[in-house]
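Remarks on the overall topology
Read off the chains here:
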Amino acid sequence: MKHLALLIALLAAGPLAACCMVPRGYPGDVDQAAQQVVILHRAKTDAAPGYQEMLIRVQPFFQDAQGNPEYIAWVITLPGKPLRYDVADKAALQAGADLHEKLFQLARRQWADRSQFEWPSWLPSGMTERGMEDAKSLVIEEAAVQVGPYTITPVRAQGTAALDELNAYLQERGFPQEDRDHLAYFVENDFTFLCVRITPPQGQATLGGRLDLPPLVLGFETDAPYYPARFSSRQGNFALDLTLISDKPLDTASFGAARERLKAVSRGYVQLVNLYSMQPLPDELAGALSERATTIEKARWYVNRIQSEGFNPGDEAGVPAIAGWKDDVFIKVGDRQDELPGFWYYGDQDIPFLERMFREHAMAVFFLGGFAFFFSLFIKTRLNRRKLQAKANANQ
């Protein structure tokens, strides 16, 4: 039960839950400088549920104390049972971000190469933006898993009565009780709490001032891509670099709501959503993922990215923004209507010259050709009317 106690100690930090936590007797505090995340999501099929693998790296640092603690703990919430644990090289995270950057620059170039033609606003167009019951076993603690510097213990609390059991457990051990409303969302939706303990390297008594941790890899089933943000309310206004790779396009409205919620930095007036790659995933990234995540009959990966300078500012009273959230960050899977529209975009496909010319200039050619046709038809009709009128006048 020592790992459960560690989780409870984390939950006991106060009415606003934490992501990373120092030992209770430590005189200082821990915050995050930034999070780097790559999510790869496979949509559900008739044969299998949706599945996600997430590479997540936190950058905690200590403050308000002269020394550093002997360990820190980190709680990660998952909407399903964890199916895979591993660690990855930081190059895998960078490869995900670089893939989006490459596709973004290709899209900008392909947009610039097209005929400079805009669909007239006065013409109709369809290419517009789219817009419990209590269980008998209330607290379940599973076996701990060691991966890299992380010791991970999954803990689940079942049913609303588990909230009282957790708080009773806290009280018996001298910890303050946790706010029921905060825990209720995770318990009622059957989340798993991953209690992650990070200790110093062998031969060291305390952790370093700034930890250079490898990305943690987690695999679990979920029908919608998920980013665990709600449990980080006490971690300050940290920066985020989140890359999402999926085998189906993301719902544009849902992705737009996530961008707004996470206070994404804008990279121009037009947001390019669901850029896609027709090539295999970069080796550095693919090597960190499992066969279940990467096996695909024909590569078509949709890549999106959210970069934020901070989405957890405090209000006038100092209450963090995340504290007011009612749920966590899920992004719905979309369909073909959510793909990036336009003949001009073809991603990283190697296409022949004639097809490229068609994609770049088809819209302008079709419009100008149609305009020329109807204009000539109009002129011809006027000329015919004049001839008929002249003939009628001559017969009078």
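Further up the page is the structure itself.
The following refers to the structure shown. (Residues numbered from 1 in each chain as written. Predicted model: local features only at pLDDT ≥ 70, side-chain atom pairs only at ≥ 80, totals over all residues. Heavy atoms only, no water.)

Moving on to the side chain of Asn 312. Locating Asn 312 in the fold gives a position in the loop between β14 (301–308) and β15 (329–330). Here the side chain of Asn 312 touches Ala 321 through a polar contact of 3.2 Å, landing on its backbone nitrogen. Other than its neighbours up to four places away in sequence, Asn 312 contacts Ser 232, Ser 233, Gly 236, Asn 237, Pro 320, Ala 321 and Ile 322. (Helix = DSSP H or I, 4+ residues; strand = E, 2+ residues; numbered from the N terminus. Polar contact = N/O pair within 3.5 Å; in protein donor to acceptor, adjacent residues only side chain to side chain. Contact = heavy atoms within 4.5 Å.)

Of all the residues in helix α5 (residues 252–261), the buried ones are Ser 254, Phe 255, Ala 258 and Arg 259. Along the axis of α5, the buried positions cluster into a sector of 140 degrees, meaning they face one direction only. The N-cap of α5, judged by a side-chain oxygen 3.2 Å from the amide nitrogen of Ala 253 a few residues on, is Asp 251. Positive phi shows up at Lys 263, right after α5, with a value of about 55 degrees. (Buried < 20%, exposed > 50% of the residue type's maximum accessible area, 1.4 Å probe, protein only. Arc of directions from axis to C-beta.)

Scanning the entire structure with this criterion turns up ten salt bridges. Between Asp 241 and Arg 305 there is a salt bridge, with its nearest N and O atoms 2.7 Å apart. Of this pair, Asp 241 sits in strand β12 (residues 239–246) while Arg 305 is found in strand β14, placing the two residues 64 residues apart along the sequence. Summarising the burial analysis for this pair, Asp 241 and Arg 305 share the class buried. (Salt bridge = Lys/Arg side-chain N within 4 Å of Asp/Glu carboxyl O.)

Let us look at the nonpolar core. If you look at the biggest cluster of nonpolar residues, it comprises 47 residues, and the most contacted ones within it are Trp 74, Tyr 150, Leu 216, Tyr 227, Leu 242, Leu 262 and Phe 311. Ranked by residues supplied to this core, first place goes to strand β4 (residues 72–78) with five residues. Every residue in contact with Tyr 227, bar those within four places of it in the chain, is listed here: Gln 35, Val 37, Ile 39, Phe 238, Leu 240, Leu 242, Leu 262, Phe 311, Asp 328 and Val 329. In terms of nonpolar packing, the next biggest core, distinct from the first, is built from 29 residues, Leu 40, Leu 55, Tyr 276 and Tyr 345 among them. (Core = buried A, V, L, I, M, F, W, Y, C linked by side-chain atoms within 4.5 Å.)

This part is about the packing of aromatic side chains. Note on aromatic pairs: each is described by the distance of the centres and the angle between the planes. Tallied over the entire structure, the rule returns twelve aromatic pairs. Note on Tyr 226 and Phe 330: the rings are 4.7 Å apart at their centroids and 35 degrees apart in plane angle, and the pair reads as tilted. Taken together, the residues Tyr 226 in strand β11 (residues 226–227) and Phe 330 in strand β15 connect sequence positions 104 residues apart. The buried category is assigned to Tyr 226, whose relative accessible area is 0%. (Phe/Tyr/Trp six-rings, centres within 6.5 Å; stacked < 30°, edge-to-face > 60°.)

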